[in-house]
Amino acid sequence: MSAGDLVAAAAGFVDRTLQNEGAWYRADDVEGRLGGELASYGSSVGAVRGTIRDALRKYKDLDHDSVVQLASALWGQPGPGSRAVYERRLAAVVLLQTKAALLRHSDLTRIEGFIRSAGTRELVDPLLADVVAPFLARLNGRDRQRAAVVLARWRTDPDPQLRHAAAFLEQQSAPQAPPQGDTRERSL
C-alpha cells in the first residue's frame, strides 16, 4: 500500500468511525456552541480518542509524513461542498498529541494553518498546550531559532488566533513567579 493510500484508508476509517459514534443531540450542542461554523458528528471526546488509538493500531506504518498528511486530511472538509467537522479536527489534534515526538520545526507552518482555520479556541488551546508547547520545549539549536522566528511573526500577525497562540506559548515558556504573600510555614 502506498503512503497516499495508507493515509486515505486511515482518514476513511477515522471518518466512518466518528460518524458511527455520533449522536444527534451532541451534534446539535456542538454546532450551537460553535455558532454553526463547523459541522459536528456528535461523537464524544472519548470516542475521538479511542478512534485515533484504534487507527494507530490498525495503520501501524504511519511515519512523520503520513501522520502530518493524515492530520491535514482530518482537518479539511470531508467532501466537496461540505463544512469542516469539529470531531475530525479534534481527531487531528489527538493524532498530533499522540505522535508529537515525530514533529519537526518545519511542521509549525502546517500547525499555523490549523490555528488560522480552527474556528474555535476549543481546538486551538489543546493544539497549543498538548502539541506545540511540548514540541517547542524539546527543540534546540537551529531548529529552536527557526521556531522562534515563526513565533515572532505570530506575535504581530493580524489574525487574532495567531496572536493568541504566541501569547499562550510565551506564557507557557515563562518561568513561574514565586508565590506572593506570607509564605512562612504555620503551625496549627
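Scroll up for the structure.
These lines cover the structure that appears in this document, whether it is placed above or below. Residue positions are given per chain, counting from 1 as you read along its sequence in written order. Where totals are concerned, whole chains, interfaces and linings use all residues; where local detail is concerned, this predicted model gives features only for residues with pLDDT of at least 70, and gives and counts side-chain atom pairs only at 80 or more. Side-chain measures here rest on the full set of heavy atoms in the structure, leaving out hydrogens and waters.

**Describing the environment of V14**
Next up, step 1: Secondary structure elements follow DSSP: runs of H or I no shorter than four residues count as helices, runs of E no shorter than two count as strands, and numbering proceeds from the N terminus. In this fold, V14 is placed in helix α1 (residues 3-21).
Next up, step 2: With 36 residues separating them in the primary sequence, V14 and G50 have C-alpha atoms 10.0 Å apart.
Next up, step 3: The contact partners of V14, leaving out residues within four places of it in the chain, are T51, I52, A55, L74 and A91. Residues count as neighbours in contact if any of their non-hydrogen atoms are within 4.5 Å of one another.

**Examining the pattern of salt bridges**
Next up, step 1: A carboxyl oxygen of Asp or Glu within 4 Å of a side-chain nitrogen of Lys or Arg is what we treat as a salt bridge. Taken as a whole and assessed by the stated rule, the structure comprises eleven salt bridges.
Next up, step 2: Note that E122 is salt-bridged to R33, the shortest N-O span being 2.8 Å. Here R33 lies in helix α2 (residues 24-33) and E122 lies in helix α7 (residues 121-138), a separation of 89 residues in the sequence.
Next up, step 3: Note on E122: relative accessible area 29%, which makes it partly exposed.
Next up, step 4: Burial classes: relative accessible area under 20% of the type maximum marks a residue as buried, over 50% as exposed, and values in between as partly exposed (1.4 Å probe, protein chains only). The class for R33 is partly exposed, based on a relative accessible area of 42%.
Next up, step 5: The partner of D143 in a salt bridge is R146, and the shortest N-O contact between them spans 3.6 Å.

**Some points on helix α3 (residues 45-58)**
Next up, step 1: Relative to the 20 Å expected for 14 residues at 1.5 Å per residue, α3 spans 20 Å between its end C-alpha atoms, a close match to the ideal helical length.
Next up, step 2: On its buried side, α3 packs onto α1, α4 (64-75) and α5 (86-98). Here the expected length of a helix is defined as 1.5 Å per residue gap, with one fewer gap than residues.

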